[in-house]
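Residue strings, one per chain:
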Amino acid sequence: GSIQIMGIKPQYLTAFLDIIEDMGAKIERGQEELTVSWVKALKPCQIETEPEPGFMTDWQAVFSVLLTQSTGVSSIIERVWPYRFHHLSPLEKMGARFKMFNPLVENKKNYYHFDPQSDDPTYFHGVKIYGPCHLKGANLSVTDLRSGASLTLAALVAEGQSIINGVEFIERGYEDLAQRLISLGANIQYVKSKNKKACQK
């Protein structure tokens, strides 16, 4: 279907919107509103994170969930941080298929935006995501903001029920996320788990 978002500046999201348009989504831009429509099966894409106004690193975790549902092989290369793929392991638990890799780069100092001293030989800077994947519900724990948001979306895509522990990390950075998703038709309930709040989807 379609989602209309009000009170937004589409010109600040150009890199994001251009990619989902290339994937096959229909985008209608207004001055302070945006309509995004699903019209056909999504095509794969290749993403490289960049400082703003490029494809921002904060988008890549939640975007990974979308790529599990596109048809074909997509890739994300993280150029801003030495490692930011913590969300992939729980997605694999749900049925996502991916392969980590390091891109062949002649001049890493000019290609990557992070301090080379922050890098580590064990880090991967790229991932190939194979879709479409049939995701299944799972019991999940989150320890950071972006991973929590991506797992929330994955739980809504997945068949069956998921329980997400550590939702305080999500609420720290995404205002009223659960309520906004409920308004779109999501089935989300808060439950108590070991004296902490969990989210059941």
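Our structure's up above, just so we're on the same page.
Residues numbered from 1 in each chain as written. Predicted model: local features only at pLDDT ≥ 70, side-chain atom pairs only at ≥ 80, totals over all residues. Heavy atoms only, no water.

A.B. asks: Hey, could you run me through the packing of helix α1 (residues 14-23) against helix α2 (residues 60-67) in this one?
C.D. replies: Between two packed helices, what matters for the description is the angle formed by their axes and the separation of those axes. Relative to each other, α1 and α2 sit at 5°, their axes nearing to 13 Å. Here α1 lies roughly parallel to α2, going by the angle between them. On α2, the residues that touch Phe16, Ile19, Ile20 and Met23 of α1 are Phe63, Leu66 and Leu67. Here the residues of the contact of α1 with α2 are counted per class, giving 7 nonpolar, no polar and no charged. (Axes fitted to C-alpha atoms, helices over the stretch in contact; angles between N-to-C directions. Helix = DSSP H or I, 4+ residues; strand = E, 2+ residues; numbered from the N terminus. Parallel < 35°, antiparallel > 145°, perpendicular 65-115°, else oblique. Contact = heavy atoms within 4.5 Å. Nonpolar A, V, L, I, M, F, W, Y, C, P; charged D, E, K, R; others polar.)

A.B. asks: Sorry, what's going on with the packing of aromatic side chains here?
C.D. replies: What characterises a pair of aromatic rings is the spacing of the ring centres plus the angle enclosed by the ring planes. One pass over the full model with this rule turns up 9 aromatic pairs. Plain terms: the ring middles of Phe16 and Phe63 are 5.4 Å apart, the flat faces sit at 85° to each other, and that makes the pair edge-to-face. Taken together, the positions of Phe16 in helix α1 and Phe63 in helix α2 put the pair 47 residues apart, joining distant regions of the chain. Judged by relative accessible area, Phe16 falls into the partly exposed class, the value being 22%. Taken together, the ring pairs in this structure connect Phe16, Phe55, Trp59 and Phe63 into an aromatic cluster. Between the NZ or CZ atom of Arg79 and the centre of the ring of Tyr111, over which it lies, the distance is 4.0 Å. Over the ring of Phe101 we find Lys128; its NZ or CZ atom is 5.6 Å from the centre of that ring. (Phe/Tyr/Trp six-rings, centres within 6.5 Å; stacked < 30°, edge-to-face > 60°. Buried < 20%, exposed > 50% of the residue type's maximum accessible area, 1.4 Å probe, protein only. Lys NZ or Arg CZ within 6 Å of the ring centre and 35° of its normal.)

A.B. asks: Is there a simple way to explain the sheet that holds strand β2 (residues 26-29) in this structure?
C.D. replies: To summarise the sheet geometry, strands pair through backbone hydrogen bonds and adopt either a parallel or an antiparallel arrangement. The 3 strands are arranged β1-β3-β2 in an open sheet whose pairing can be described as antiparallel. Either end of the sheet is taken by a strand with one partner, and the two such strands are β1 (2-6) and β2. With direction set aside, neighbouring strand axes in the sheet form an average angle of 15°. As defined by bridge partners, β2 adjoins strand β3 (residues 33-37) across 4 bridges and the pair is classed as antiparallel. Bridging across to β3, Glu28 finds its partner in Thr35. Against the sheet, α1 touches β2 and β3, its axis set at about 145° to β2. (Pairing = 2+ DSSP bridges.)

A.B. asks: Before we go on, may I ask you to explain the packing of α2 against helix α5 (residues 145-157) in this structure?
C.D. replies: For the pair α2 and α5, the least separation of the axes is 8 Å and the interaxial angle reads 20°. Judged on the interaxial angle alone, α5 and α2 are roughly parallel. In the packing of α2 onto α5, the handedness of the crossing is right-handed. Together, Ala61, Val62 and Val65 of α2 and Arg146, Ala149, Ser150, Leu153, Ala154 and Val157 of α5 make up the contact between the two elements. (Left-handed = near helix turned anticlockwise from the far one by under 90°.)

A.B. asks: When you look at a nonpolar patch on the surface in this model, what are you seeing that I'm missing?
C.D. replies: The grouping of Ile3, Ile5 and Leu184 at the surface amounts to a nonpolar patch, some 250 Å² of accessible area in total. By the secondary structure assignment, Leu184 is in the loop between α7 (177-183) and β10 (189-193). (Patch = residues over 30% accessible without salt bridge, like charges linked within 9 Å, V, L, I, M, F, W, Y side chains within 5 Å. Areas by Shrake-Rupley, 256 points an atom, 1.4 Å probe, with all protein chains shown as cover. Salt bridge = Lys/Arg side-chain N within 4 Å of Asp/Glu carboxyl O.)

A.B. asks: Would you mind showing me how to read α2 here?
C.D. replies: Along an α-helix, a turn takes 3.6 residues, which lines up residues three or four apart on a common side. A large share of α2 lies buried, amounting to 6 of its 8 residues. For α2, the full list of buried residues reads Gln60, Ala61, Phe63, Ser64, Val65 and Leu67. The elements touched by buried residues of α2 are α1, β4 (46-48), β5 (72-77), α3 (88-94), β7 (126-131) and α5.

A.B. asks: Please explain the environment of Thr143 as it appears in this structure.
C.D. replies: When you line up the elements, Thr143 lands in the loop between β8 (139-141) and α5. Judged by its relative accessible area of 61%, Thr143 is exposed.

A.B. asks: Mind showing me how you'd approach the nonpolar core here?
C.D. replies: Side chains of a nonpolar character, in soluble globular proteins, are inclined to be buried together. Ranked by size, the top nonpolar core spans 44 residues in total, and within it Ile47, Phe63, Leu67, Leu91, Met94 and Val127 carry the most contacts. When residues of this core are traced back to their parent elements, those giving at least two are α1, α2, α3, β6 (97-101), β7, α5 and α7. Counting residues in hydrophobic clusters, the runner-up holds 6 residues, among them Val105, Tyr111, Tyr112 and Phe114. (Core = buried A, V, L, I, M, F, W, Y, C linked by side-chain atoms within 4.5 Å.)

A.B. asks: What is the right way to read unusual backbone geometry from this model?
C.D. replies: Most peptide bonds take the trans form, and the phi angle of most residues other than glycine is negative. The peptide bond linking Glu52 to Pro53 adopts the cis configuration, its omega dihedral lying at 20°. Structurally, the position occupied by Pro53 is in the loop between β4 and α2. The residue Asp176 is not glycine, and still its phi comes out positive at about 55°. Considering the arrangement of structural elements, one finds Asp176 in the loop between α6 (168-173) and α7.

Without other data, these values stay purely geometric and don't point to any function.
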